[in-house]
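# Structural features, examined
Here's the letter readout for the chains.
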Amino acid sequence: MAYDLLVRNGTVIDGSGAPRFRANVAVQDGKIVEVGDVDGAAEHTIDAEGHVVSPGFVDGHTHMDAQVFWDELGASSCYHGVTSVVMGNCGFTLAPCAEADAGYVFRNLERAEDIAPEAMAAGIEWSWETFPEFLDTIDALPKGINYAGYIGHSALRTYVMGERAFTEQPSEAELATMCRTVQEAVRAGAIGFSTSRTPNHVTADDLPVASRVATWDEVRAIVNAMGETGRGVFEIAGESPGRKPERIEDYHHRLRDLAVESGVPQTWGMFSMRIAPELWRPYFDLADETAEAGGKIFVQVHTRALNTLLSFKTQMPYDRWPVWEELRALPLEEQKTRLRDPSLRAKLVEVANGERPNNKIVGVEARPPSWKHFYILDSMLGDHALLADVARERGVDPVELMIDLSLEKDFDQFFMQPVANEDQDDVLEMIRHPRSVVTFSDSGAHVSQIMDSSLQTHLLGHWVREKQALTLEDAVCQLTSNSASQWEMTDRGLVREGMNADLVIFDPETVGPAMPEVVHDLPAGAKRLKQLSVGIKNTVVNGQVFLEDNEPTGARAGRLFRGRVD
């Protein structure tokens with residue numbers, strides 16, 4: 001028999017958590033057809049000697065809803081072994097929405113995803129109004145990887161309520177329309193319904209995005225309506241109840257009760273915080289408590305600190321401060337010249353060490369540094385030097401050193417500012433928790449602010465190889481079958497006969513993230529961060545070799561994943 005693809009001589013880690021074994025993997029018509037002592041002719045053969053052959057990685061928390069229209073590759077997730085993503089998280093989607101009302105969804109997306117409305121307008125060819133029509137549009141697009149999508153609450157509200165969605169509550173008739181629209185969406189293949197109630201999600205004019213205006217009763221009605229269909233996952237960017245026990249208890253009870261009464265699996269992300277280290281564990285206790293009550297909650301966790309990346313090519317801590325703001329408005333080449341002026345440098349340092357202006361900072365936007373948690377980023381793995389320590393050794397102010405290092409590298413120097421998950425012991429504990437799923441890259445959002453599309457290769461390079469805190473089998477299981485099963489993607493996540501032929505072939509001795517870079521490849525020339533990997537030989541999507549050593553082959557075999565449809 002002649003196969004479409006034969007992967008020879010690899011060490012298979014099949015995604016189940018079972019021990020590795022040496023085997024060949026044969027692929028035909030986009031499916032794995034044999035695993036074992038397979039031989040024969042093949043249209044394409046990969047020699048995987050010295051490499052691991054694993055299922056493609058699944059990322060359940062992305063924001064590629066706009067990016068999928070202008071980026072056929074799915075970068076940067078695709079460079080880190082990801083072959084399937086779930087987009088539409090946190091209530092941010094492009095549908096339902098008529099083209100004439102696109103400004104509403106752009107208003108919701110603009111600040112959270114760090115993509116200018118002009119870029120979205122230039123890069124998106126509108127061909128839908130309803131969510132089923134949006135799914136059909138995504139289905140028809142050329143894609144290198146696979147996509148699934150939630151219907152988002154902010155777009156749902158503006159579709160039904162128009163401008164009033166940003167300020168008012170719906171009428172009974174409008175709420176009923178929202179419920180029916182979500183039911184229609186999941187019956188057409190939406191993977192679920194998502195919302196945001198976090199204060200971090202605001203519009204460009206510092207007002208709440210549309211979903212944040214909704215009452216809990218509105219959220220509850222929509223999720224229960226989705227539950228009536230017997231399908232769908234509810235994803236929420238959660239409230240911030242603070243540290244008062246009564247407020248935390250109220251919020252936790254509402255989450256638990258909704259999961260139980262609706263029968264809908266519920267998911268949200270969790271980080272630890274150095275300013276409130278006691279807050280995260282009760283959320284995992286809540287997942288256990290909900291399971292005991294008959295509901296399901298699974299928690300999305302990261303593999304490292306949530307880091308804002310800073311550089312003169314993207315954002316710096318003082319961009320909206322006096323003197324700095326004028327400098328940062330200049331072209332980069334002129335900024336380099338001006339920064340070599342001793343009098344200006346002295347003024348910049350003085351301002352940076354002075355009184356902070358009252359600028360509102362949300363999410364992962366740059367903020368004034370806490371020098372105890374501000375690092376020089378010269379490599380992606382291993383320890384990083386504190387800027388303040390190096391400044392002390394050199395006898396200069398940290399702000400001056402930040403300028404010096406940036407000029408020395410022609411503005412290609414990055415700095416790293418953790419905003420959550422600072423305690424890596426907490427991170428490991430969350431990764432190991434039985435109700436967690438390792439995901440939460442936010443790919444497609446915060447495009448010039450963070451670069452977490454590499455969380456998968458960080459897991460393999462840092463926690464498996466460098467720290468030996470996880471076995472390779474455990475890590476691969478987390479990134480593949482565990483993630484796939486939570487979103488009921490039953491056709492992927494394992495290297496077994498009959499499964500989708502989504503595969504990653506990597507060297508366990510070298511796999512890891514490469515350094516990020518700044519590129520201007522968004523529509524209208526807008527900038528974003530891009531990051532490749534090291535150690536990944538091939539990525540295979542639906543049986544076709546998609547990437548070879550980070551280079552696209554031209555294959556576009558990605559598909560839309562639909563949940564259970566009528």
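Now for a look at the structure at hand.

Conventions adopted
Residues numbered from 1 in each chain as written. Predicted model: local features only at pLDDT ≥ 70, side-chain atom pairs only at ≥ 80, totals over all residues. Heavy atoms only, no water. Helix = DSSP H or I, 4+ residues; strand = E, 2+ residues; numbered from the N terminus. Rg over C-alpha atoms; globule rule 2.2 N^0.38 Å. Contact = heavy atoms within 4.5 Å. Areas by Shrake-Rupley, 256 points an atom, 1.4 Å probe, with all protein chains shown as cover. Lys, Arg positive; Asp, Glu negative; His and termini not counted. Charge placed at Lys NZ, Arg CZ, Asp CG, Glu CD. Buried < 20%, exposed > 50% of the residue type's maximum accessible area, 1.4 Å probe, protein only. Arc of directions from axis to C-beta. Core = buried A, V, L, I, M, F, W, Y, C linked by side-chain atoms within 4.5 Å. Phe/Tyr/Trp six-rings, centres within 6.5 Å; stacked < 30°, edge-to-face > 60°. Lys NZ or Arg CZ within 6 Å of the ring centre and 35° of its normal. Pairing = 2+ DSSP bridges. Axes fitted to C-alpha atoms, helices over the stretch in contact; angles between N-to-C directions.

## Some points on the overall build of the protein
If you tally the helices and strands in the protein, you get 16 helices and 22 strands. The globule rule puts the C-alpha radius of gyration for 566 residues at 24 Å, and the 24 Å found for the protein is close to it. Long-range pairs, those at least 24 residues apart, make up 76% of the contacts in the protein with a sequence separation of at least 6. Carbon and sulfur atoms make up 47% of the accessible area of the protein, which totals about 21,300 Å². Across the protein, the mean location of the 53 positive side-chain charges is 3 Å away from that of the 87 negative side-chain charges.

## Side note on helix H10 (residues 332–339)
Considered for burial, the residues of H10 that qualify are Gln335, Lys336 and Leu339. Each buried residue of H10 lies within a common arc of 100° when the element is viewed along its axis, so the set occupies one face. Away from the buried face of H10 by more than 90 degrees, exposed residues Glu333 and Thr337 are located.

## Comments concerning the nonpolar core
Among the nonpolar cores identified, the biggest contains 104 residues, and Leu94 and Phe506 are the most heavily contacted of them. Setting aside its immediate chain neighbours within four residues, Phe506 contacts His51, Val52, Ser54, Phe57, Leu460, Leu472, Val476, Val511, Gly535, Ile536 and Lys537. One finds Phe312, Leu344, Val390 and Ala391 within the second-largest nonpolar core, a separate group that totals 27 residues.

## Describing the packing of aromatic side chains
Within the structure shown, the criterion is met by 17 aromatic pairs. Their ring planes at 50° and their centres at 6.3 Å tell us that Tyr104 and Phe166 sit as a pair that is tilted. On the criterion of sequence distance, the pair formed by Tyr104 in helix H1 (residues 102–113) and Phe166 in the loop between helix H4 (153–161) and helix H5 (172–188) is long-range, its members being 62 residues apart. Ring centres of Phe374 and Phe415 lie 6.0 Å apart, and the angle between their planes is 25°; on these two criteria the pair is classed as stacked. Within this pair, whereas Phe374 is found in the loop between helix H11 (342–352) and strand S14 (375–377), its partner Phe415 is found in strand S15 (residues 414–420), the two being separated by 41 residues in sequence. Comparing Phe374 with Phe415 shows no difference in burial state: the two are buried. Over the ring of Trp216 we find Arg254; its NZ or CZ atom is 5.0 Å from the centre of that ring. Taking the ring centre of Phe411 as reference, the NZ or CZ of Lys336 above it sits at 5.4 Å.

## Here we look at the sheet that holds S15
The strand order across the open sheet built from three strands is S13-S15-S14, with neighbouring strands paired in antiparallel fashion. Bordering the open sheet on either side are strand S13 (306–310) and S14, each of which pairs with just one other strand. Within the sheet, the average angular offset between the axes of one strand and its neighbour, ignoring direction, is 40°. Bridge analysis of S14 against S15 gives three bridges, and the strand direction is antiparallel. Within S15, the position partnered with Leu377 by the bridge is Phe414.

## Focus on unusual backbone geometry
With an omega dihedral of 5°, the bond running from Ala75 to Ser76 counts as a cis peptide bond. Of note, Ser76 is situated in the loop between strand S6 (57–59) and strand S7 (82–87). Residue Pro96 is reached from Ala95 by a cis peptide bond, and omega for that bond is 0°. With a phi angle near 65°, Asn9 is a residue other than glycine that sits in the positive phi range. If you trace the backbone, Asn9 turns up in strand S1 (residues 3–12). For Asn9, a relative accessible area of 29% puts it in the partly exposed group. Within the chain, Asp442 stands out as a residue other than glycine whose phi angle is a positive 60°. Looking at the element boundaries, Asp442 is found in the loop between strand S16 (436–438) and helix H15 (455–466). Exposure remark for Asp442: the relative accessible area of 12% places this residue in the buried category.

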